[in-house]
Amino acid sequence: MTSVPEDLPDWEPPLTGTDAEQVVAALDRQRATFRWKADGLDVEGLTRRIGASTLTLGGLLNHLAFVEDLYSGHELTGADVDARWHSLQQEGGWTAHFSPDATPDELYALYDGAVSRSRSRIATALAQGDLDQPTHMGIPDVGQANLRRLLLDLLEEYGRHTGHADLLREVVDGRVGEDPPDEWVPPWRRGG
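Cut-offs and rules
- Sequence order as written defines the numbering, with residues in each chain counted from 1.
- With pLDDT at 70 or above as the cut-off, local features in this predicted model cover only qualifying residues; side-chain atom pairs require 80 or more to be listed or tallied, and sums for whole chains, interfaces and linings still use all residues.
- Water and hydrogen atoms were dropped before computing side-chain values, which therefore reflect all heavy atoms in the structure.
- Labels follow the DSSP assignment, with helices taken as runs of H or I lasting at least four residues and strands as runs of E lasting at least two, numbered in each case from the N terminus.
- For the radius of gyration, the atom set is restricted to C-alpha positions; the globular benchmark scales as 2.2 Å times the number of residues to the power 0.38.
- Throughout, exposure labels follow a simple rule: accessible area from a 1.4 Å probe, protein chains only, divided by the maximum for the residue type, with under 20% read as buried, over 50% as exposed, and the rest as partly exposed.
- Any two residues whose heavy atoms approach within 4.5 Å are treated as being in contact.
- To be clear on the numbers: accessible area is Shrake-Rupley with a 1.4 Å probe, and residue cover counts the displayed protein chains and nothing else.
- As used throughout, the charge tally considers Lys and Arg to be positive and Asp and Glu to be negative, leaving His and the chain termini uncounted.
- Working definition for charges: the position is that of NZ of Lys, CZ of Arg, CG of Asp or CD of Glu.
- Here, any two strands with at least 2 DSSP bridges between them count as paired.
- Throughout, an axis means a line fitted to C-alpha atoms (over the contacting stretch in the case of helices), and angles, computed between N-to-C directions, take values from 0 to 180 degrees.
- Note on terminology: angles under 35 degrees are roughly parallel, angles over 145 are roughly antiparallel, angles of 65 to 115 are roughly perpendicular, and the others are oblique.
- Under the scheme applied here, ten amino acids are nonpolar (Ala, Val, Leu, Ile, Met, Phe, Trp, Tyr, Cys and Pro), four are charged (Asp, Glu, Lys and Arg), and all others, including Gly, are polar.
- Note on aromatic contacts: the rings of Phe and Tyr and the six-membered ring of Trp form a pair at centre separations within 6.5 Å, being stacked when their planes are under 30 degrees apart, edge-to-face when over 60 apart, and tilted otherwise.

*Asks:* Quick question: what am I supposed to make of the overall build of the chain here?
*Replies:* When its secondary structure is counted, the chain shows seven helices and two strands. Here the C-alpha atoms of the chain give a radius of gyration of 17 Å, agreeing with the 16 Å that 2.2 N^0.38 yields for 192 residues. By its C-alpha atoms, the chain is 50 × 45 × 30 Å across when sized along the principal axes. Buried residues in the chain amount to 43% of all 192 residues. Summarising the internal contacts of the chain: among those between residues at least 6 apart in sequence, 68% fall at separations of at least 24. Carbon and sulfur atoms make up 51% of the accessible area of the chain, which amounts to about 10100 Å² in all. With 17 positive and 33 negative side-chain charges, the chain shows a separation of 2 Å between the mean positions of the two kinds.

*Asks:* When you look at the pairing of strand β1 (residues 134-139) in this model, what are you seeing that I'm missing?
*Replies:* Residues in a regular strand point their side chains to alternate faces of the sheet. Across three bridges, the pairing between β1 and strand β2 (residues 143-146) is antiparallel. When the bridges of β2 are listed, G138 appears paired with Q144. Hairpin connection between β1 and β2: a loop of three residues separates the two successive antiparallel strands, and D141 in this loop has a positive phi of roughly 65°.

*Asks:* Would you mind showing me how to read unusual backbone geometry here?
*Replies:* With the exception of glycine, the majority of residues adopt a negative phi angle, and the majority of peptide bonds are in the trans configuration. Phi at D141 is positive, roughly 65°, even though this residue is not glycine. In this structure, D141 sits in the loop between β1 and β2. Among the residues examined, D141 registers a relative accessible area of 87% and is labelled exposed.

*Asks:* For this particular structure, what's the right way to read the packing of helix α3 (residues 57-72) against helix α7 (residues 147-173)?
*Replies:* For any two helices packed against each other, the geometry comes down to the angle between their axes and how far apart the axes lie. It is at 10 Å that the axes of α3 and α7 come closest, and there the two elements cross at 170°. For the element pair α3 / α7, the angle class is roughly antiparallel. Taken together, the residues of α7 that come into contact with α3 (itself represented by L57, L60, H63, L64, V67, E68 and Y71) are L150, D153, L154, E157, Y158, H161, H164, A165, L168, R169 and V172. In the contact of α3 with α7, the residues fall into eleven nonpolar, three polar and four charged.

*Asks:* Any chance you could explain the packing of aromatic side chains here in plain terms?
*Replies:* Each pair of aromatic rings is reported with the distance of its centres and the angle of its planes. Counted according to the given criterion, the structure contains three aromatic pairs. Ring centres 5.5 Å apart and planes at 55° place the aromatic pair F34 and Y111 in the tilted group. Remark: Y111 occurs in helix α6 (residues 104-128) and F34 occurs in helix α1 (residues 19-38); sequence separation between them is 77 residues. The exposure classification of F34 matches that of Y111, with both residues buried. Look at F66 and W85: their rings are 5.5 Å apart centre to centre, the planes differ by 65°, and that puts the pair in the edge-to-face class. Of this pair, F66 sits in helix α3 while W85 sits in the loop between α4 (74-77) and α5 (93-98), and the two are 19 residues apart along the sequence. Here F66 matches W85 in class, with each residue buried.

In structure tokens:
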């Protein structure tokens, strides 16, 4: 991968590189920003709401963990969705996505594990082919999406929910900013 200059944080996408490097790096930047927005909160912080909205940072952690597993598993290769997500795929499951019954430690571990699995699965797919390779994701009677489309859809999902996380975190404790501070280390770089 094209390296990022040493004076920039490791989630900063490279200025040059292949299409795959650029897309994956942009996705990692969104993952880092989202995780920083949700980082270090207790139950109260993870369940805080704004106005009439039912969105919470804990709900977004749970939802994006599911999305990471769905896209990097079933949508990428056709693999069965892990049993932990079956209840979320049933009627009324969207409510469960955003109202998880889990502790902060469980939510962080769930999300961080899903991101780790997803990063590994995507790296494996890219080692086997380029962004034009077909995936299992598609539209019946239209066709299958390629890996580029899958990654761009995942990036779009993060763009939407990172914006939600911006607003929610500001209400919790005033944390604002486009990117994490340079000294912040994303969980996938913490070695744990």
